[in-house]
Amino acid sequence: KIQEGNWESLISYLREALQEKEELYINKTAEIIAKIKIYSIIKELREKENERIEEGLQKKEVQDTLSALTGRYNQIRKENEEGLIVINSEDEEFSLSKLSTGAKDQVFLALRTGFAKLSMQSQSAFLILDDAFQHSDWERRKNLVTQIVKLAESGWQIFYFTMDNHLKILLQTEGEKLGNSFKLLELADNKSKQE
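Quick look at the structure, then. (Residues numbered from 1 in each chain as written. Predicted model: local features only at pLDDT ≥ 70, side-chain atom pairs only at ≥ 80, totals over all residues. Heavy atoms only, no water.)

### Structural notes on the overall build of the chain
- Scanning the chain from terminus to terminus reveals six helices and five strands.
- Ordered by position from the N terminus, the helices and strands of the chain form the series α-α-β-β-β-α-β-α-β-α-α.
- What you see for the chain is a C-alpha radius of gyration of 30 Å, clearly larger than the 16 Å of a compact globule of 195 residues, by over 25%.
- With respect to the principal axes defined by its C-alpha atoms, the chain has extents near 100 × 55 × 35 Å.
- Residues classed as buried in the chain amount to 26% of the 195 residues present.
- Counting contacts in the chain only where the partners sit at least 6 residues apart, residues at least 24 apart contribute 54% of the total. (Helix = DSSP H or I, 4+ residues; strand = E, 2+ residues; numbered from the N terminus. Rg over C-alpha atoms; globule rule 2.2 N^0.38 Å. Buried < 20%, exposed > 50% of the residue type's maximum accessible area, 1.4 Å probe, protein only. Contact = heavy atoms within 4.5 Å.)

As structure tokens, this is what we get:
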């Protein structure tokens, strides 16, 4: 407590209070500057990543994969407003966000595979697909399975999980071309075993 008339105590108290406020100001200022710096670094990294993605979208590996898997679109680009735009051989443009679920799945699979090919520099990799073709129409399913088998023939490992009997039959038929490299595993239903 500060006693009345004790100016030395008052001045000492004010100095301590001022020092606490200065330390608080310095800490808050440092925190704000650090957050601004981190934000600018993240923004710069995001811009560089977006540039690399946009460049990658124009690469042959991505466009060839897009054409092979979709059977319809042969180019893709990114726009600020619309996002991803796919282009067919007649130069018709379609916003990816407005495509059917199956068409979107095909484009995203093509992008993942194309970018994997780019990053692996033509080395083999693997894909794990969980009913990736279930939303595609039956005509496109055959092409998708054919393309995945071609990928497997080039050395990629493909794991495809499905509960769709039509896809199972397509995979089994096309997979036989791989000989001993193709394995079909079926998980039995517990109810079926008990009956």
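### Considering unusual backbone geometry
- Positive phi, close to 60°, is recorded for Asp-91, a residue that is not glycine.
- Take Asp-91: it is sitting in the loop between β2 (83-88) and β3 (93-95).
- Classification of Asp-91 by relative accessible area gives exposed; the value is 56%.
- Despite not being glycine, Asp-131 has its phi angle at roughly 50°, a positive value.

### Examining the environment of Met-120
- Among the secondary structure elements, Met-120 is positioned in helix α3 (residues 101-120).
- Residues Met-120 and Glu-93 lie 27 residues apart in sequence; the distance between their C-alpha atoms is 30 Å.

### Structural notes on helix α5 (residues 165-175)
- Turning to α5, its buried residues number three or more, namely His-166, Leu-167, Leu-170, Leu-171, Glu-174 and Gly-175. All buried residues of α5 project into a common sector of 155° when viewed along the axis, lining one side.
- Residues of α5 that are buried in the fold lie against α4 (138-153) and β5 (157-161).
- One side-chain oxygen at the N-terminal end of α5 lies 2.9 Å from the backbone nitrogen of His-166; it belongs to Asp-164. (Arc of directions from axis to C-beta. Polar contact = N/O pair within 3.5 Å; in protein donor to acceptor, adjacent residues only side chain to side chain.)

### Structural notes on the environment of Leu-151
- Residue placement: Leu-151 occurs in helix α4.
- In sequence terms Leu-151 and Tyr-25 are 126 residues apart; their C-alpha atoms lie 60 Å from each other.

### Here's the deal with α3
- Here α3 is 20 residues long and its end C-alpha atoms lie 28 Å apart, about the 28 Å a rise of 1.5 Å per residue gives.
- When α3 is considered as a whole, its buried residues turn out to be Gly-102, Ala-103, Gln-106, Val-107, Leu-109, Ala-110, Leu-111, Thr-113, Gly-114 and Ala-116.
- For α3, the elements touching its buried residues are α1 (7-57), α2 (60-70), β1 (73-79), β2, β4 (126-130) and α4.
- With its phi angle positive at about 50°, Gln-121 sits one or two positions after the end of α3. (Expected span 1.5 Å × (residues − 1).)

### A look at a nonpolar patch on the surface
- Among the surface-exposed residues, Phe-126, Ile-128, Phe-159 and Phe-161 lie close enough to one another that they form a single nonpolar patch of about 430 Å² accessible area.
- Within the residue set of the nonpolar patch, elements represented by two or more residues are β4 and β5.
- If you trace the backbone, Phe-161 turns up in strand β5. (Patch = residues over 30% accessible without salt bridge, like charges linked within 9 Å, V, L, I, M, F, W, Y side chains within 5 Å. Areas by Shrake-Rupley, 256 points an atom, 1.4 Å probe, with all protein chains shown as cover. Salt bridge = Lys/Arg side-chain N within 4 Å of Asp/Glu carboxyl O.)

### Topic: the pairing of β5
- Alignment of β4 against β5, held across five bridges, turns out to be parallel. By the bridge assignment for β5, Phe-126 is matched with Gln-157.
- For the crossover from β4 across α4 to β5, the handedness is right-handed. (Pairing = 2+ DSSP bridges. Right-handed = clockwise from strand over helix to strand, strands pointing away.)

### A word on the packing of α4 against α5
- The N-to-C vectors of α4 and α5 enclose an angle of 40°; their axes lie 10 Å apart at closest approach. Here α4 lies oblique to α5, going by the angle between them. With respect to the hand of their crossing, α4 and α5 are arranged in right-handed fashion. Taken together, the residues of α5 that come into contact with α4 (itself represented by Trp-138, Arg-141, Lys-142, Val-145, Thr-146 and Val-149) are His-166, Leu-167, Leu-170, Leu-171, Glu-174 and Gly-175. (Axes fitted to C-alpha atoms, helices over the stretch in contact; angles between N-to-C directions. Parallel < 35°, antiparallel > 145°, perpendicular 65-115°, else oblique. Left-handed = near helix turned anticlockwise from the far one by under 90°.)

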